[in-house]
Amino acid sequence: MERVVGIDLGTTNSLVAVLDGDSPRVLPDPETGATLLPSAVAFLPGDEVRVGEAARALAAERPFDTILSVKRFMGLGLEHVSEEDRRRYRFVEGSQGVVRFAVAGREVTAPEVSAHVLRELKRWAEAALGGAVSKAVITVPAYFNDSQRQATKDAGRLAGLEVLRLVNEPTAASLAYGLNERAEGTIAVYDLGGGTFDVSILKLRAGVFEVLATNGDTRLGGDDLDARVTELLLAELPEALRSHPQIRAQVRAMAERAKRALSDAARTEVELTTPDGRRVQRAITRDEFEALVKDLVERTGRPSRQALKDAGLEPADVEEVVAVGGSTRVPLVRRYMQELFGRPPLVGIDPDQVVALGAGIQAGILTGGRRDMLLLDVIPLSLGIETMGGVFTRIIDRNVTIPVSHTEHFTTAVDNQTSVDVHVLQGERELAADNRSLARFSIPIEPLPAGVPRLECTFLIDANGILCVTASDLRSGRERTIEVKPSYGLTDEEIERMLEESFDHAEDDIRQRQLREARIDADTILHATQTSLARHADRLEPGEGDRIRSALSALAEARDGEDHNRIRDLYDQLSAATEPFAQRIMDSALHEALVSRPLEEL
Amino acid sequence: MMRAETFNHECWHCSRRTGLALVCLHCEAPQPLPPAADIFTVLGLPRRLVVDPHDLEDRYHAASRAVHPDRHQTASDRERELSLSASATVNRAYRTLRDPVARGRYWLELHGSPLGDRNNQVPPALAALVFETQEQLEALRDAGGAGAERGTVEAVRGELQDRVRALADELEERYATWDAADPGAPEVLAELKRRLSEIAYLSTLLDDVDETLAEGEHA
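Cut-offs and rules
Here the residue numbers are simple positions, counted from 1 along each chain's written sequence. Labels follow written order: the first chain is A, the first ligand is 1, and so on. Note on the predicted model: pLDDT of at least 70 is required for a residue's local features to be given, and 80 or more for side-chain atom pairs to be given and counted; whole-chain, interface and lining totals, by contrast, use all residues. Secondary structure elements are taken from DSSP: a helix is a run of H or I of four residues or more, a strand is a run of E of two residues or more, and numbering for both begins at the N terminus. Buried means a residue has 20 or more other C-beta atoms within 10 Å of its own C-beta, exposed means 12 or fewer, and partly exposed covers the counts in between; C-beta atoms are placed from the backbone. Placing a C-beta atom from the backbone of each residue, one calls two residues in contact when those atoms lie within 7 Å. Using C-alpha atoms as the atom set, the radius of gyration is obtained and then compared with a globule rule of 2.2 Å times the number of residues to the power 0.38. An automatic or database domain assignment supplies the start and end points of every domain. Any two strands are treated as partners once DSSP identifies two or more bridges connecting them. The axes are straight lines fitted to the C-alpha atoms, using for helices just the contacting stretch, and the angles between their N-to-C directions are given from 0 to 180°. Note on terminology: angles under 35 degrees are roughly parallel, angles over 145 are roughly antiparallel, angles of 65 to 115 are roughly perpendicular, and the others are oblique. Two helices cross in a left-handed way if the nearer one is turned anticlockwise from the farther one by less than a right angle. They cross in a right-handed way if the turn is clockwise. For this classification, Asp, Glu, Lys and Arg are treated as charged, while Ala, Val, Leu, Ile, Met, Phe, Trp, Tyr, Cys and Pro are nonpolar and the rest, including Gly, are polar. On a scale of 0 to 100, pLDDT captures the predictor's confidence in every residue. An arc is given here, and it is the one of the directions from the helix axis to the C-beta atoms.

### Observations regarding the overall build of chain A
Piece 1. A tally of regular secondary structure across chain A gives 15 helices and 28 strands.
Piece 2. Structurally, chain A occupies a C-alpha span of about 100 × 65 × 60 Å along its principal axes.
Piece 3. When each of the 602 residues of chain A is scored for burial, the buried share is 44%.
Piece 4. Long-range pairs, those at least 24 residues apart, make up 68% of the contacts in chain A between residues at least 6 apart in sequence.

This is how it looks when you write it as structure tokens:
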């Protein structure tokens, strides 16, 4: 049976894992053996795309075309993009309010950018497992709303992956942790990643992982700590350099390295070479860093306390605190966790890998590999509809276990009304306008006097935390199809179009790869033939040398062209032309080896 | 899970007799729930006001293991659909039954006498307390959400929380007494309704207090 993989699609790094027998393992890059894929995508002129380390290396050189931390833009509209981000990338507004990046002469949405990362992980997994991979579990921050979840699912689809389940990151981490430690009882998972913060309170009992409450901040993470250090460093540079996009990107990378260094050392140095060749050096101490980011770290306090409160617990009720996400390596973060929960955090599993390992376990649960474990997760944000006067009327409360459904009845306000319009939102605020708009839809009805039609509308949140709406006309008993217009999301048609385009590109990609491989083979035979001609000219038959040399120059010329089939053909011709010559060299080498050996060995 | 006592229910999927279980005893396909099934029946519990929390949790976990979509991911569309709706029902049953107040409200609905969403009438026993609290909240708002008024309101919040908790505990004690007699009797329903409206009213008041205190924090 085809293997289902678990993917941690992170803000900074992404990983892929699989359940092997009873335990999960992370799958490496077949070329380098690395397990972390930087979630970086660089767009180059001529439709070329680079992913991962190769893309991150281009960030300083091509800051606008290299998208880092694309996760922060998933499911967002242009109005949610910050000033700093507008300086960092070039945005254009797309249809359905979805943000698009203008990169290297084209426009791409966040799900398309993420799909490149997913496709690369799919390639890693296929190489490691030795077979096609088309199904995956993908993790999302627990505090992701419906649009952000939908965008993640779209990214999977665009990458040629059927997303069997979206799993909340802290919950996935708890699976890996629970399996590893055989833990029982109440735990808190504190997950501070590159761009998002989640906190979940769970009860673990006899293989059931029940989330009691979750909270978070989808706009808080290690990136924000880096930004503080970046600001500090930039402020000390001359004005002319400060606004230079390449310098900014370089300083950003430096700030990130300094942050990492300060997790182990009390002091670190950064050094920048300006375009005019000057070197600027500066030391940063851990104390200085902590003072810079203290308020950011403390922003994790309110969601943590709220999650405890929603779970009906006191900090003392929490038996274990699990640290997840690279940012929990920062000593200040660990101290603050201890302050919040009154106990030192547990860091038994690599905080960079734990979410992916959990996703791998969940993939195994879905395919029957771990019948003993079961996840019961919750909806992170209340769901409701806009009612008279712009009021937000809650229909499903936050922290309710999913799947959950709610039925609502509607009628008409005026005679002969032909449809009822519903606006669905998500959030905790009293006014509809203060919450996140998810979708608008219209239910068609037969024209009747006001108040006579009776519509029943069911809002169902599935195990992915994604909303599905169905409606029926109670008078006729007929199901009504609903056209849902996502407020910030891609429509099915857009995804179809993108898929078609990516198939076109996939052909390009395959051609590129075939060309690259053909060139490598050509280089090998060209080099071997030239060496043999020089070394064993005495073994050539009359006329043979000219034949070989003409085949050789034909292949050398084709090798620099773009046609891989022509390279292959000429490769075969050269190979045929040199075959008797190669045989003679082999024979004589063997003969020499035999005659030079002492007689008694024969 | 439900037991197959009186039913000769046939599985839609494998056509074998499976009783009134959430999933087929033979092929594990989720079964459609009878439209009139109450949430006690869903978790295989007798219709009683008292529910043992440990037993409830065990039943909930067992039912979830049977119907949760994670268990039917590779099945047909129809099975997955049934698993989704059964799972939502099981979750609702657990959510309602584990909380004595929600359970009480459900009991009233089940007996055709729902509490209703809007309780505009102040229960007489609470009139004085409500009036006093509203005045204190007003004073806190006038003071810009800070100062001595804040301390007063915070103290009130503590008292209200204690009171709601005490009322809920008292309710649970009454449940045992009512179960022993006739929990569906009209006088029991009336008494249950009175107690639940007091709790509902205090909870709404507590929300107001929380909201006013939160406004003060933002200011």
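Now that the structure has been shown, we can carry on.
### Here's the deal with the overall build of chain B
Piece 1. When helices and strands are counted, chain B shows seven helices and zero strands.
Piece 2. The linear arrangement of helices and strands in chain B, starting from the amino end, is α-α-α-α-α-α-α.
Piece 3. Computed over C-alpha atoms, the radius of gyration of chain B comes to 23 Å, more than 25% over the 17 Å expected from 2.2 N^0.38 for 219 residues, which places it beyond the range of a compact globule.
Piece 4. Overall, the C-alpha framework of chain B stretches about 70 × 45 × 30 Å when taken along its three principal axes.
Piece 5. For chain B, with 219 residues in total, the buried portion stands at 27%.
Piece 6. In chain B, of all internal contacts separated by at least 6 residues, the share reaching a separation of at least 24 is 58%.

### Here we look at the domain arrangement of chain B
Piece 1. Parsing chain B into structural domains produces domain 1 (1-98) and domain 2 (124-218).
Piece 2. Distance from the C-alpha centre of domain 1 of chain B to the C-alpha centre of domain 2 of chain B: 36 Å.

### Topic: the sheet that holds strand S22 (residues 404-410) of chain A
The strands that make up a sheet are held in pairs by hydrogen bonds between backbone atoms, and each pair lies either parallel or antiparallel.
All names here are of chain A.
Piece 1. Taking strand neighbours across the sheet as the criterion, the four strands line up as S22-S25-S26-S27 in an open arrangement whose pairing is antiparallel. The open sheet has two free edges, formed respectively by S22 and strand S27 (478-480), since each of these has just one partner strand. Each strand of the sheet is rotated relative to its neighbour by a mean of 25°, with strand direction disregarded.
Piece 2. Two strands pair when backbone bridges link them, and strand S25 (residues 455-461) and strand S26 (residues 467-473) are joined in this way by seven bridges, in the antiparallel orientation. What sits directly across from Ile461, in S26, is Leu467.

### So, the sheet that holds strand S15 (residues 208-217) of chain A
Residue and element names in this part refer to chain A.
Piece 1. Within the open sheet, the five strands sit side by side as S18-S13-S14-S15-S19. Their pairing is mixed. Of all strands in the sheet, those bounded by a partner on one side alone are strand S18 (320-324) and strand S19 (374-376). Direction aside, neighbouring strands of the sheet carry axes that sit 25° apart on average.
Piece 2. For strand S13 (residues 185-192) and strand S14 (residues 197-205), the ladder comprises eight bridges, and the chain directions are antiparallel. By the bridge assignment, Thr186 is partnered in S14 with Lys203.
Piece 3. Along the sheet, helix H11 (residues 331-341) contacts S13 and S18; its crossing angle with S18, the most-contacted strand, is approximately 155°.

### Looking at the packing of helix H3 (residues 110-129) of chain A against helix H4 (residues 146-158) of chain A
Residue and element names in this part refer to chain A.
Piece 1. Two numbers describe how H3 lies on H4: the axes approach to 8 Å, and their chain directions differ by 55°. The angle between H3 and H4 falls in the class oblique. The two elements H3 and H4 cross, and the hand of that crossing is right-handed. In this structure, H3 contributes Ala110, Pro111, Glu112, Ser114, Ala115 and Leu118 to the contact, and H4 contributes Ala151, Asp154, Ala155, Gly156 and Leu158.
Piece 2. Across the contact of H3 with H4, the residue classes break down as seven nonpolar, two polar and two charged.

### Notes on the domain arrangement of chain A
How large an interface is tends to be reported as the accessible area lost when its parts come together.
Piece 1. With domains assigned, chain A is organised as domain 1 (5-220 + 299-376), domain 2 (222-295), domain 3 (383-490) and domain 4 (494-596).
Piece 2. Placing a centre on the C-alpha atoms of domain 2 of chain A and another on those of domain 3 of chain A gives a separation of 49 Å.

### Section: the confidence of the model for chain B
Residues and elements named next belong to chain B.
Piece 1. When pLDDT is averaged along chain B, the result is 84; 91% of the residues meet or exceed 70.
Piece 2. Averaged over each element, pLDDT in chain B is lowest for helix H5 (residues 127-142) (83) and highest for helix H2 (residues 53-67) (94).
Piece 3. Every residue in residues 1-7 is under pLDDT 50, and counting partners more than four places away or in other chains gives 19 contacts.

### Some remarks on the interface of chain B and chain A
Piece 1. Listed by partner, the interface residues are 13 residues for chain B and 16 residues for chain A.
Piece 2. Elements represented by at least two residues in the side of chain B that touches chain A include exactly H2 and helix H3 (77-98) of chain B.
Piece 3. Ranked by residue count, the leading element in the side of chain B that touches chain A is H3(B), at five residues.
Piece 4. For the side of chain B that touches chain A, the residue count by class is three nonpolar, seven polar and three charged.

### Considerations on H11(A)
Residue and element names in this part refer to chain A.
Piece 1. Turning to H11, its buried residues are Val333, Tyr336, Met337, Leu340 and Phe341. Taken around the axis of H11, the buried residues stretch over an arc of 115°, which confines them to a single face.
Piece 2. Two residues or fewer after H11 comes Gly342, characterised by a positive phi angle close to 70°.

### Some words on the pairing of strand S21 (residues 391-396) of chain A
Two faces belong to every sheet, and in a regular strand the side chains alternate between them.
All names here are of chain A.
Piece 1. Here strand S20 (residues 383-387) runs beside S21; their pairing, made up of five bridges, is antiparallel. Across the sheet, the residue bridging to Gly384 is Arg394, located in S21.
Piece 2. Linkage of S20 to S21, two consecutive antiparallel strands, is achieved through a turn of three residues, within which Gly389 is found at a positive phi near 80°.

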